[in-house]
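Topology and contacts: notes
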Amino acid sequence: MTVVTRFAPSPTGFLHIGGARTALYNWLYARHTGGTFLLRIEDTDRKRSTDAAIEAIFDSLRWLGLDWDGEPLFQFARAERHAEVAQALIAAGKAYPCYCTPDELTAMREKARAEGRPVRYDGTWRDRDPADAPAGASPAIRLKSPQEGETVIRDLVQGDVTIANAQLDDMILLRSDGTPTYMLAVVVDDHDMGVSHVIRGDDHLTNAARQIQLFEAMDWPSPTFAHIPLIHGPDGAKMSKRQGAVGAEAYRDMGFLPEAMQNYLLRLGWGHGDDEIIPLEQAVAWFDLSGVGKSPARFDMDKLTALNLHYMKQADDQRLARLTAVHLEEVIGRPLGDDDIAVLARAMPSMKERAKTLVELAQNATFLFRPRPLEFDAKASKILNPDTSALLLDLQPHLAALDGWSADVLEAAVRAFAEERELGLGKVAQPLRAALTGGTVSPPIFDVLDVFGRDESLARLDDAVARFS
Ligand code: GLU
């Protein structure tokens, strides 16, 4: 059997990380099995669905590298097809019109509650003669669900879940205004799209029983279900915004690399032995639904951050520079050109080990783009004075005369200079750093000199000497 999975978000808000994880698992399962991964936008809630949310879903999926096969399918556009299936069920005697008014339904519910019975549709119109229909009223269409026996969801994660049919009332397929319900739309679309595996959050588990009844009523094979436990906050309770219940794109904005997010989401509910670092290609090779855990995962920002650190160290410097530039432009308030990005890329080997996120990396890199003459912060201004300026002035020809200009060569020269003056290295390095960066915090000073290059470094020394002597 060829595997067809689908991700079916409702575009009513951002793509939260639970949704992103569902998308990842569907994508991985399809890629692992050589199957197909489809995208379906469940936009039938016209009031709450927005174009911005649809764009955010596309954006987040692209950022995470989860490419879908073919064009996305929009559910609302298929309303006629959904209605057609409801009519077919009526024709087959498996669905029926229900003329209950909202008031009657409310009374039904209240009566059930008063008698301590579960609140369910009581089947008023199930076997009633449609000739009894009140004139001019438009009915809802309900499924004639089996009233005896049980429906079993053979779930690849949850195991067999059995639900007594008596617990499920005759659900509405088409509302009295003719619009399809979620249950109908999902089943018809999953069938028409040839979906073989439905992988989604376990908040949909009870829906699966109703959906199976509908598949059976249509004599369609049910897909295989895999309901994944939800993601909880670090405290085990429902996740709050502060704990991470924000859109997936918020993690991009916080400076996480997509591969760190992929790896994190993968491990958040799926495991392969003790492996923690699992790049996407490896995940494609390993992923199987049998590795999905049964208990809710807890969101852990520290783990995500640790993975980000790992992937930042591994990342190609050019790519990292381009990704950092996006954040840096925000900090320094101007666009960065190719030359700037080249500077940033040169600084990456020494900088990327020192930041947990791209945002932090960008903040650490701002010194590279401060315009000359530099503004010196309070600490740098304290370090730079006539004495240290004189020292820098003496150091300058030693640097200018160097054959090469690399961190190693520079370090050797500055060390030799400090020894000759019988000074600790710090006594020279501190003013050097202040003069070059305008501050007191930077990557190792020899890396900084290396990144700036000879001309720029010497010019900055000139500036500082002129200003502080
Ligand atoms: N649209 C549903 C949701 O966003 C998912 C439906 C499904 O996966 O079957 O929760």
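This report concerns the structure included in the present document. (Residues numbered from 1 in each chain as written. Predicted model: local features only at pLDDT ≥ 70, side-chain atom pairs only at ≥ 80, totals over all residues. Heavy atoms only, no water.)

**So, helix α16 (residues 407-420)**
Keep this limit in mind: Only DSSP runs of H or I reaching four residues or more are called helices, and only runs of E reaching two or more are called strands; each is numbered from the N terminus. One less than the number of residues in a helix, times 1.5 Å, gives the span that helix is expected to have. The rule is simple: take the accessible area with a 1.4 Å probe, protein chains only, and divide by the maximum for that residue type; under 20% is buried, over 50% is exposed, in between is partly exposed. Note: the arc covers the axis-to-C-beta directions of the helix. In this description, contact between two residues means that some pair of their heavy atoms is separated by no more than 4.5 Å.
Between the first and last C-alpha of α16 there are 20 Å, a value that for 14 residues agrees with the 20 Å anticipated at 1.5 Å per step. Among all positions of α16, only A407, L410, A413, V414, F417 and A418 are buried. Each buried residue of α16 lies within a common arc of 135° when the element is viewed along its axis, so the set occupies one face. Across from the buried face of α16, at angles greater than 90 degrees, the exposed residues are D408, E419 and E420. On the buried face of α16, the contacting elements are α15 (386-400), α17 (425-437) and α18 (445-468). E422 sits one or two positions beyond α16 and adopts a positive phi of about 55°.

**A look at the pattern of salt bridges**
To be explicit about the condition: Any Lys or Arg side-chain nitrogen found within 4 Å of a carboxyl oxygen on Asp or Glu counts as a salt bridge.
Evaluation of the coordinates by the stated rule reveals 28 salt bridges. E84 is the salt-bridge partner of R81, the closest N and O atoms lying 2.9 Å from each other. Here R81 and its partner E84 are both found in helix α3 (residues 79-91), 3 residues apart, which amounts to about one turn of the helix. Under the relative-accessibility criterion, R81 is labelled partly exposed at 24%. Note that K352 is salt-bridged to D317, the shortest N-O span being 2.7 Å. Of this pair, K352 sits in the loop between α12 (338-351) and α13 (358-365) while D317 is found in helix α11 (residues 317-332), placing the two residues 35 residues apart along the sequence. Classification of K352 by relative accessible area gives buried; the value is 9%. Overall, the relative accessible area of 21% leaves D317 in the partly exposed class.

**What to know about the site of the ligand**
Put simply, the test is: Proximity is defined per residue: any heavy atom of the residue falling within 4 Å of a molecule or strand makes that residue near it. N or O atoms closer than or at 3.5 Å make up a polar contact, with two conditions inside protein: a donor-capable atom paired with an acceptor-capable one, and, for residues adjacent in sequence, both atoms drawn from side chains. Computed with a 1.4 Å probe, the accessible areas rest on the Shrake-Rupley method; for each residue, only the protein chains presented here act as cover. The residue classification treats Ala, Val, Leu, Ile, Met, Phe, Trp, Tyr, Cys and Pro as nonpolar and Asp, Glu, Lys and Arg as charged. All others, Gly included, are polar.
Taken together, R6, A8, P9, S10, E42, Y182, R200 and H204 are the residues near the ligand. The separation between an oxygen atom of the ligand and a polar side-chain atom of R6 is 2.7 Å. Coverage of the ligand by the protein amounts to 80% of the 300 Å² it exposes when considered alone. Across the shell around the ligand, the residue classes break down as 3 nonpolar, 2 polar and 3 charged.

**Points about the environment of I57**
Summarising the element assignment, I57 is placed in helix α2 (residues 51-63). Each C-alpha atom of the pair I57 and R370 lies 37 Å from the other, and the pair is 313 residues apart in sequence. Apart from the residues lying within four places of it in its own chain, the contact partners of I57 are P9, S10, P11, L15 and I41.

**A short note on the sheet that holds strand β5 (residues 140-143)**
In any sheet, the strands associate via hydrogen bonds between backbone groups, in a parallel or an antiparallel arrangement. How we decide: Pairing between strands is defined by DSSP: at least two bridges between them are needed. Under this scheme, a helix contributes an axis fitted over its contacting stretch, all axes are lines through C-alpha atoms, and angles between N-to-C directions fall in the 0 to 180 degree range.
On the basis of which strands lie adjacent, the open sheet formed by 3 strands has the order β4-β5-β8 and antiparallel pairing. Every other strand in the sheet has two partners, leaving β4 (95-98) and β8 (172-174) as the edge strands with one partner each. Neighbour to neighbour, the strand axes of the sheet diverge by 40° on average, direction disregarded. In this sheet, β8 lies alongside β5 in antiparallel orientation, the contact comprising 2 bridges. Across the sheet, R142 pairs through a bridge with I172, a residue of β8.

**Examining the state of the cysteines**
To be explicit about the condition: Any cysteine sulfur atom paired with another within 2.5 Å is treated as part of a disulfide.
One pass over the structure, following the stated rule, counts 0 disulfides. Considering cysteine sulfurs only, C100 is the nearest to C98, which forms no disulfide, with 3.9 Å between them. We classify C100 as buried; its relative accessible area is 14%.

**Observations concerning unusual backbone geometry**
Of note, the bond from R372 into P373 is cis; its omega dihedral lies within 30 degrees of zero at -10°. Note on placement: P373 falls in the loop between α13 and α14 (378-383). A positive phi angle, near 55°, is found at E422, a position not held by glycine. Within the element layout of this structure, E422 appears in the loop between α16 and α17.

**A few points about the side chain of S350**
Mapped onto the fold, S350 is located in helix α12. Among the residues examined, S350 registers a relative accessible area of 11% and is labelled buried.

**Observations regarding the packing of aromatic side chains**
Test applied: Here the aromatic set is Phe, Tyr and Trp, taking the six-membered ring for Trp, and pairing holds for ring centres within 6.5 Å; pairs whose planes are under 30 degrees apart are stacked, those over 60 apart are edge-to-face, and all others are tilted. Placement of a charge over a ring requires the Lys NZ or Arg CZ to be within 6 Å of the ring centre, with the centre-to-atom vector within 35 degrees of the ring normal.
Tallied over the full model, the rule gives 9 aromatic pairs. Note on Y25 and F287: the rings are 5.2 Å apart at their centroids and 50° apart in plane angle, and the pair reads as tilted. With Y25 in helix α1 (residues 17-33) and F287 in the loop between α9 (280-286) and β12 (297-298), this pair connects stretches of sequence that are 262 residues apart. Members of the aromatic cluster, each reached through a chain of ring pairs, are Y251, F256, Y264 and F299. The cationic tip of R46 hangs over the ring face of F76; the distance from NZ or CZ to the ring centre is 3.8 Å. Across the ring face of F452, the terminal group of R460 is positioned such that the distance to the ring centre comes to 4.0 Å.

**Digging into the packing of α12 against α13**
Which entries qualify depends on this criterion: Geometric relationships in this document are graded by angle, where less than 35 degrees denotes roughly parallel, more than 145 denotes roughly antiparallel, 65 to 115 denotes roughly perpendicular, and other angles denote oblique. Should the near helix be turned anticlockwise from the far one by less than a right angle, the crossing is left-handed, and should it be turned clockwise, the crossing is right-handed.
The N-to-C vectors of α12 and α13 enclose an angle of 110°; their axes lie 11 Å apart at closest approach. On the basis of their axis angle, the class for α12 and α13 is roughly perpendicular. In this structure, α12 meets α13 at a crossing whose hand is right-handed. Residues L344, M348 and M351 of α12 lie in contact with α13, whose contacting residues are L361, N364 and A365. Partitioning the contact of α12 with α13 into residue classes produces 5 nonpolar, 1 polar and no charged.

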